[in-house]
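# Descriptive structure summary
Next come the chains, spelled out residue by residue.
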Amino acid sequence: MMWFRDTKKRERVSAMLSIYRTEDSRISSFEKAEKGCWIKLTDPSDIECEEVSKGFNFDLSDVRAALDVEETSRISVEDDYTLILVDIPSAEVRNNRRGYTTIPLGILINEDVIVTVCSEEATALTSFLEQRVRNFSTKKQMRFTYQILYNVCMRYQALLKNIDKKRTELEERINEGMSDSDLIDLHELESNLVYFATSLRANGAVLDRLTRYGNLRRYEEDVELLEDVVIENKQAIEMTSIYRDIMTGTRELMSSVISNRLNNVMKYLAAITIVMAIPTIIGGLFGMNVPVPLTNAPFAFVAICLGTLLICVVTMIVLKKRKML
């Protein structure tokens, strides 16, 4: 079933609906949908969703599924089409810091076209438009789908390496002195890993179901590509787990360093308190309204001050030997 965009409605809908098709290993933009094309929906309007739904007999709720940020990864095989919903990484700003979360990416496949739906521009899809993917063809829908999923996995891995690099930078600043900002940065990195771990496990369940579905039309070489996708997704899960463990160790290290520095400050303050208490005690004893030694001595004040200073110096030497100063 062919579908053509109504030129009369074109001005009323947003430009977030794009149509592409590969010819002789080159991708080109089209004004109308043809067999073997790729329809790319980025934050589509209601009109665009309805056009695609009616034009290719997709359920409207399936077309809009990827626009719900709370939608979980899943695969649904209908009579006329297949819906694959996976989570992809997305940049966002949290606490005035650049962080990452995950958003759904919907892939709808039927015998004629492949449709991708996302609430924002997906990095995993731009490489196809820039023709940086080998053996890419919009006419081979399942291979195209596996290539998208492969790009998603590689994007996760790239961001995970970036997160670990930022963690390393935080560790290097521990000796220079930590601030509240460093603790918040570490918390944001941990939040990124939590989002990634949850989404990667859900994506893994979708990939497992894809490997078991035998009624999906695909070429023999696509099976090997799907296996690569599964391997890369498992590797991303393993990287997330390792980095979370390392991040936990980093947090424990920072906590230990903070506690150790606090203990050193408390020891220093305790030592200063002990030294400062000596003149107070001696001054209090010689200030009592009772007979005390050196009461009538002409140089009593000087002698008491020198004696107090000597005791303070000896006390400081003892404390320093005990590493309290």
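Predicted model only: the values in this text are computed from it and were never measured.

## Thoughts on the nonpolar core
Formed by 52 residues in total, the largest nonpolar core has its most connected members in Trp 38, Ile 84, Ile 88, Tyr 146, Ile 148 and Leu 210. Mapped onto this core, the elements with two or more residues apiece are β5 (82–94), β6 (97–109), β7 (114–118), α3 (123–129), α4 (141–172), α5 (180–212) and α6 (220–286). The biggest single contributor to this core is α4, with 12 residues. What Ile 88 contacts, discounting residues up to four positions off in sequence, is Thr 101, Thr 102, Ile 103, Leu 105, Cys 118, Ala 122, Val 152 and Tyr 156.

## Let's talk about a negative patch on the surface
Residues Asp 59, Glu 78, Asp 79, Asp 80 and Glu 111 make up a contiguous surface patch of negative charge. Here Asp 80 lies in the loop between β4 (74–77) and β5. Taking relative accessible area as the criterion, Asp 80 reaches 55% and is therefore assigned exposed.

## What about the packing of aromatic side chains?
Applying the stated criterion to the full structure yields 11 aromatic pairs. Ring plane angle 45° and centroid distance 6.4 Å describe the contact between Tyr 100 and Phe 196, whose orientation is recorded as tilted. Remark: Phe 196 occurs in helix α5 and Tyr 100 occurs in strand β6; sequence separation between them is 96 residues. The class of Phe 196 is buried, set by a relative accessible area of 0%. Each residue in the set Tyr 20, Trp 38, Phe 128, Phe 136 and Phe 144 is aromatic and connected to the rest through ring pairs, giving one cluster.

## Some words on the pattern of salt bridges
Enumeration over the complete set of coordinates arrives at 14 salt bridges. For Asp 222, the salt bridge goes to Arg 143, with nearest N and O atoms at 2.8 Å. Here Arg 143 lies in helix α4 and Asp 222 lies in helix α6, a separation of 79 residues in the sequence. Per residue, the accessibility class of Asp 222 equals that of Arg 143, and both read buried. Taking the shortest distance from any N to any O, the salt bridge between Arg 167 and Asp 164 comes out at 2.9 Å. Of the two residues, Arg 167 and Asp 164 both sit in helix α4, 3 residues apart, roughly one turn of that helix.

## Let's talk about the packing of α4 against α5
Two numbers describe a pair of packed helices, the interaxial angle and the distance between the axes. At a closest axis distance of 11 Å, the pairing of α4 and α5 adopts a crossing angle of 160°. Taken together, the axes of α4 and α5 lie roughly antiparallel to each other. Here α4 runs over α5; the crossing is left-handed. Facing Tyr 146, Leu 149, Tyr 156, Leu 159, Leu 160, Ile 163, Lys 166, Arg 167 and Leu 170 of α4, the residues of α5 in contact are Asp 182, Asp 185, Leu 186, Leu 189, Asn 192, Leu 193, Phe 196, Ser 199, Leu 200, Asn 203, Leu 207 and Leu 210. Broken down by class, the residue content of the contact of α4 with α5 amounts to 14 nonpolar, 3 polar and 4 charged.

About the criteria used
Every residue gets a number counted from 1 within its own chain, in the order that chain's sequence is written. Only residues with pLDDT of at least 70 are given local features in this predicted model, and only at 80 or more are side-chain atom pairs given and counted; all residues enter the totals for whole chains, interfaces and linings. Values reported for side chains reflect all heavy atoms of the structure, with hydrogen atoms and water molecules removed beforehand. As used here, the term nonpolar core means buried Ala, Val, Leu, Ile, Met, Phe, Trp, Tyr and Cys residues forming a set that is joined through side-chain atoms within 4.5 Å. With a 1.4 Å probe rolled over the protein chains alone, any residue whose accessible area is under 20% of its type maximum counts as buried; one over 50% counts as exposed, and the rest are partly exposed. Helical segments are the DSSP runs of H or I of at least four residues, strand segments are the runs of E of at least two, and each set is numbered from the N terminus. By definition in these notes, contact holds between two residues if any of their heavy atoms fall within 4.5 Å. Distance thresholds for patches are 9 Å for like charges and 5 Å for nonpolar side chains (Val, Leu, Ile, Met, Phe, Trp, Tyr), applied to residues having over 30% relative accessible area and no salt bridge. In this description, accessible areas are obtained by the Shrake-Rupley approach with a 1.4 Å probe, and a residue is regarded as covered only by the protein chains that are shown. Basic side-chain nitrogens of Lys or Arg form a salt bridge, by our definition, when they fall within 4 Å of a carboxyl oxygen of Asp or Glu. When charges are counted, neither His nor the chain ends are considered; positive counts come from Lys and Arg and negative counts from Asp and Glu. Think of each charge as sitting on NZ of Lys, CZ of Arg, CG of Asp or CD of Glu. Note on aromatic pairs: the rings of Phe, Tyr and Trp (six-membered ring only in Trp) are paired at centre separations within 6.5 Å, and the planes decide the class, stacked below 30 degrees, edge-to-face beyond 60, tilted for the rest. In this analysis an axis means a line fitted to C-alpha atoms, helices contributing only their contacting stretch, and an angle means the value between N-to-C directions, from 0 to 180 degrees. Relative orientations are named as follows: roughly parallel for angles under 35 degrees, roughly antiparallel for angles over 145 degrees, roughly perpendicular for angles from 65 to 115 degrees, and oblique for any other angle. Each crossing gets its hand from how the near helix is turned against the far one by less than a right angle, where anticlockwise is left-handed and clockwise is right-handed. Polarity classes work like this: nonpolar for Ala, Val, Leu, Ile, Met, Phe, Trp, Tyr, Cys and Pro, charged for Asp, Glu, Lys and Arg, and polar for all others, with Gly in that last group.

Functional significance is not addressed by these values, which are geometric in nature.
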